[in-house]
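Understanding the architecture of this molecule
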Amino acid sequence: MGQFIRYIIVGVANTIVGYGIIFGCMYLLGMSPEASNIAGYAVGLMVSYVLNRNYTFNSTQGRRTEFMRFLVVFAIAYGLNFVALLVLIHQLGVHEGVSQVVAGAVYVVSAFLMNKYYVFKIRHAG
């Protein structure tokens, strides 16, 4: 249960940073929703890895292999997020701000499951 609570804390911190960048880019800098999303998730990628590795999962695995797995998981989860964003905005006509939040939920659920059971899974010898 402690790991799940730590994951939620990291997620909240990462969400604040990521959405701050996304909405700042969209509404302060006038960037497109797509470009803003890319910027927010790029920064979020690094924040998420460092906090989850050190705080959520207390990983002691080799960083190189672990980070490569993390990038694969990120790419899959981000791909799901970005497809959801495009469908919501361009196919369903959902407001771009609401679309960012819904697409973010897609990312959170898929990333958590893959991080827990693939990236930071405790590996046992033998």
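Our subject is the structure listed above.
Anyway, here's the lowdown on the structure attached to this text. (Residues numbered from 1 in each chain as written. Predicted model: local features only at pLDDT ≥ 70, side-chain atom pairs only at ≥ 80, totals over all residues. Heavy atoms only, no water.)

Moving on: a nonpolar patch on the surface. On the surface, a cluster of nonpolar side chains totalling about 820 Å² of accessible area is made up of Met 1, Phe 4, Ile 5, Ile 8, Ile 9, Val 12, Ile 16 and Tyr 55. Here Ile 5 shows up in helix α1 (residues 2–28). Ile 5 gets classed as partly exposed once you look at its relative accessible area, which sits at 46%. (Patch = residues over 30% accessible without salt bridge, like charges linked within 9 Å, V, L, I, M, F, W, Y side chains within 5 Å. Areas by Shrake-Rupley, 256 points an atom, 1.4 Å probe, with all protein chains shown as cover. Salt bridge = Lys/Arg side-chain N within 4 Å of Asp/Glu carboxyl O. Helix = DSSP H or I, 4+ residues; strand = E, 2+ residues; numbered from the N terminus. Buried < 20%, exposed > 50% of the residue type's maximum accessible area, 1.4 Å probe, protein only.)

The next subject is helix α4 (residues 96–119). For α4, the full list of buried residues reads Gly 97, Ser 99, Gln 100, Ala 103, Gly 104, Tyr 107, Ser 110, Ala 111, Phe 112, Asn 115 and Val 119. Tucked inside the fold, the buried residues of α4 contact α1, α2 (33–56) and α3 (63–91). (Contact = heavy atoms within 4.5 Å.)

This part covers the pattern of salt bridges. With the rule as written, the count across this model stands at one salt bridge. A salt bridge links Arg 53 to Glu 66; the shortest N-O distance between them is 3.0 Å. A residue pair is termed long-range when its members are at least 10 positions apart, and Arg 53 in helix α2 and Glu 66 in helix α3 qualify at 13 residues. The exposure class of Arg 53 is buried, given its relative accessible area of 5%. Relative accessible area serves as the criterion here: at 0%, Glu 66 is assigned to the buried category.

Packing of α1 against α2 brings their axes to within 8 Å, and their N-to-C directions diverge by 155°. In this view, α1 runs roughly antiparallel relative to α2, as classed from their interaxial angle. Considering how the two elements wind past one another, α1 and α2 form a crossing that is right-handed. A per-class count over the contact of α1 with α2 returns 16 nonpolar, 10 polar and one charged. (Axes fitted to C-alpha atoms, helices over the stretch in contact; angles between N-to-C directions. Parallel < 35°, antiparallel > 145°, perpendicular 65-115°, else oblique. Left-handed = near helix turned anticlockwise from the far one by under 90°. Nonpolar A, V, L, I, M, F, W, Y, C, P; charged D, E, K, R; others polar.)

What follows covers the nonpolar core. In terms of nonpolar packing, the biggest core is built from 18 residues, with Tyr 41, Phe 70, Phe 74, Tyr 107 and Phe 120 touching the most fellow members. Contributions of two or more residues to this core are made by α1, α2, α3 and α4. The leading source of residues in this core is α3, at five residues. (Core = buried A, V, L, I, M, F, W, Y, C linked by side-chain atoms within 4.5 Å.)

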